[in-house]
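So you can see what is in the structure, the chains are spelled out below.
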Amino acid sequence: MIGESMGLLRSALCAALAGEEDVEVVAEVTGLGELPGMVRRHLPDVVLVDLASGAPEPVKVITETAPATAVLALCDRWGRGLVEEALTAGAKGLIGKDEPLHELVRAVRALAAGERVIDVAAAATALRPATGPLTPREAEVLRMAAEGLPLKEIARRLFLAHGTVRNHLSAIMRKTGARNRMEAVLLARRDGWM
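Residues numbered from 1 in each chain as written. Predicted model: local features only at pLDDT ≥ 70, side-chain atom pairs only at ≥ 80, totals over all residues. Heavy atoms only, no water.

J.: I'd love a proper account of the packing of helix α7 (residues 136–146) against helix α10 (residues 181–190), names of residues and values included.
T.: The contact between α7 and α10 brings their axes to 10 Å, and the two run at 115°. For the element pair α7 and α10, the recorded crossing hand is left-handed. Contact residues: α7 offers Leu142, Ala145 and Ala146, while α10 offers Arg181, Met182, Ala184, Val185, Ala188 and Arg189. For the contact of α7 with α10, the per-class residue count stands at seven nonpolar, no polar and two charged. (Axes fitted to C-alpha atoms, helices over the stretch in contact; angles between N-to-C directions. Helix = DSSP H or I, 4+ residues; strand = E, 2+ residues; numbered from the N terminus. Left-handed = near helix turned anticlockwise from the far one by under 90°. Contact = heavy atoms within 4.5 Å. Nonpolar A, V, L, I, M, F, W, Y, C, P; charged D, E, K, R; others polar.)

J.: I'd like a rundown of the pairing of strand β3 (residues 46–50), residues and numbers included.
T.: β3 sits mainly inside the fold: five of its five residues count as buried. Where strand β1 (residues 2–3) lies against β3, two bridges are found, and the strand directions are parallel. When the bridges of β3 are listed, glycine 3 appears paired with valine 49. Pairing of β3 with strand β4 (residues 70–75), which is carried by five bridges, proceeds in the parallel orientation. Across the sheet, residue aspartate 50 finds its bridge partner in β4, namely leucine 74. (Buried < 20%, exposed > 50% of the residue type's maximum accessible area, 1.4 Å probe, protein only. Pairing = 2+ DSSP bridges.)

J.: Tell me about the packing of helix α9 (residues 162–176) against α10, and please be specific about residues and values.
T.: Packed helix pairs are specified by the crossing angle of their axes together with the interaxial distance, meaning the distance between the axes. Where α9 contacts α10, the two axes come as close as 10 Å, and the packing angle between them is 55°. Taken together, α9 and α10 sit at an angle that is classed as oblique. For the pair α9 and α10, the crossing hand works out as left-handed. Every residue of α10 that contacts α9 at Leu169, Ile172, Met173 and Thr176 is listed here: Arg181, Ala184 and Leu187. Across the contact of α9 with α10, the residue classes break down as five nonpolar, one polar and one charged. (Parallel < 35°, antiparallel > 145°, perpendicular 65-115°, else oblique.)

J.: Explain the side chain of threonine 63 residue by residue, including any values.
T.: With respect to the helices and strands, threonine 63 occurs in helix α3 (residues 57–65). In this structure threonine 63 comes out as buried when scored by relative accessible area, which is 18%. A polar contact is formed between the side chain of threonine 63 and the backbone oxygen of lysine 60, at a distance of 3.2 Å. (Polar contact = N/O pair within 3.5 Å; in protein donor to acceptor, adjacent residues only side chain to side chain.)

J.: Describe helix α1 (residues 7–18), with residues and values.
T.: The end-to-end C-alpha distance of α1, which contains twelve residues, comes to 16 Å, matching closely the 16 Å that a straight helix rising 1.5 Å per residue would cover. Its buried side turned inward, α1 meets β1, β2 (28–29), β3, β4 and α5 (101–112). (Expected span 1.5 Å × (residues − 1).)

Here it is, written out as structure tokens:
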């Protein structure tokens, strides 16, 4: 089964995999809402799912719906946090979208055989020490913001002034290039900064 929101990429993946003698594409899914029902209906051996949003939620949905189904997560760019979150959510395979087709096919076959597959870029990212532009205090403020806490509560929990928290958040936005807190959280998780 292939879970991809972009029609052109989804069609290309379906055509490429359907061309393999020992691979059958049983379904295509465009949105997260369709995943549980389609997985229950088809019980695929492997689901390819795009982590374009930078969040491993689709992996978690699939593994909760069908624990025996192996999830192969696809991503443009692996960050330490995303690798860890995808594996924690239950992904059995991680592969970059820039990998050649024969590597994708090899990964699908390996997962169907019960193996795990992690491409070199994802493995290197997971093993690389987390470094980034955020100070330890900024990372702490961003972790609290990721929980959805208001500024006053973050300030109270960290024993900081309200204005200090606001200044840390401004610095985080500038350093990550994010437009808002949630985008900063996604970028920092993707790149392994928190």
